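# Structural overview for review
This is what each chain is made of:
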Amino acid sequence: QVQLVESGGGLVQAGGSLRLSCAASKRISSYAMGWFRQAPGKEREFVAVIAWSGATLYADSVKGRFAISRDNLKNTVILQMNSLKPEDTAVYYCAARAVPSYATLPADFGSWGQGTQVTVSS
C-alpha cells in the first residue's frame with residue numbers, strides 16, 4: 001500500500017482554475033494513479049486516471065477542462081482543473097492502483113488519500 005496526501009483544494013468562482021496535488025509515500029512509477037470525486041449524497045465517481053506509460057483517460061464531464069499528469073521522480077500526481085463549474089463541487093480523492101494499466105472503478109484502486117474539498121461558486 002502507498003500513502004497518499006492531497007492538497008490544493010479550495011473555493012473558486014465558476015470559470016476559475018485550481019491545481020490539485022497528490023503526494024505519494026513511495027515510488028509510483030509502476031502504479032496507475034487516479035482522481036475521483038464525491039459530492040454530498042452522491043456516489044464516488046471517476047474523474048481521471050493516468051497509467052504508468054502516461055496514457056490518460058477522463059470522464060466525459062471533465063474532458064477538455066481537466067488534465068492529469070505525473071512526476072515519477074517526485075512521486076506526485078497533478079490534476080489541473082480549468083473552466084470550473086458549480087457541478088464540479090465535491091471532495092476530490094487521489095487513488096493508486098498497483099497495476100500499471102488504468103481503470104475507472106473505485107474498487108480497482110487499493111490506496112486512497114483523505115480527500116480535499118473543491119467548492120465552485122456560481
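See the structure shown above.
Presented here is an overview of the structure given in this document. Worth saying up front: this structure is predicted, and the values here are computed from it rather than measured.

## Details of the pairing of strand β5 (residues 45–50)
- Across the 6 residues of β5, 5 count as buried, placing the element largely inside the fold.
- Where strand β4 (residues 32–38) lies against β5, 5 bridges are found, and the strand directions are antiparallel. Across the sheet, Arg37 pairs through a bridge with Glu45, a residue of β5.
- Hairpin connection of β4 to β5: 6 residues between the antiparallel strands, including Gly41 at a positive phi of 80 degrees.
- Relative to strand β6 (residues 56–58), β5 is paired through 3 bridges, and the arrangement is antiparallel.

## Comments concerning the environment of Val99
- Counting through the fold element by element, Val99 comes out in the loop between β9 (90–97) and β10 (111–112).
- Along the primary structure Val99 and Ser30 are separated by 69 residues, whereas in three dimensions their C-alpha atoms are 6.8 Å apart.
- Setting aside chain neighbours within four positions, we find Val99 in contact with Ser30, Tyr31 and Ala32.

## Quick notes on the sheet that holds strand β3 (residues 18–24)
- The strand order across the open sheet built from 4 strands is β1-β3-β8-β7, with neighbouring strands paired in antiparallel fashion. Two strands lie at the open edges of the sheet, namely β1 (4–7) and β7 (66–71), each paired on one side alone. Along the sheet, successive strands turn relative to each other by an average axial angle of 15 degrees, direction set aside.

## Points about the state of the cysteines
- Throughout the structure, instances matching the rule amount to 1 disulfide.
- Put simply, Cys22 and Cys94 are joined by a disulfide, and their sulfur atoms are 2.1 Å apart. Residues Cys22 and Cys94 are joined through a disulfide that is left-handed, its torsion about the S-S bond being -80 degrees. Residue Cys22 is found in strand β3, and its partner Cys94 is found in strand β9; the two are separated by 72 residues along the sequence.

Cut-off values and rules
- Residues numbered from 1 in each chain as written.
- Predicted model: local features only at pLDDT ≥ 70, side-chain atom pairs only at ≥ 80, totals over all residues.
- Heavy atoms only, no water.
- Buried < 20%, exposed > 50% of the residue type's maximum accessible area, 1.4 Å probe, protein only.
- Helix = DSSP H or I, 4+ residues; strand = E, 2+ residues; numbered from the N terminus.
- Pairing = 2+ DSSP bridges.
- Contact = heavy atoms within 4.5 Å.
- Axes fitted to C-alpha atoms, helices over the stretch in contact; angles between N-to-C directions.
- Disulfide = S-S within 2.5 Å.

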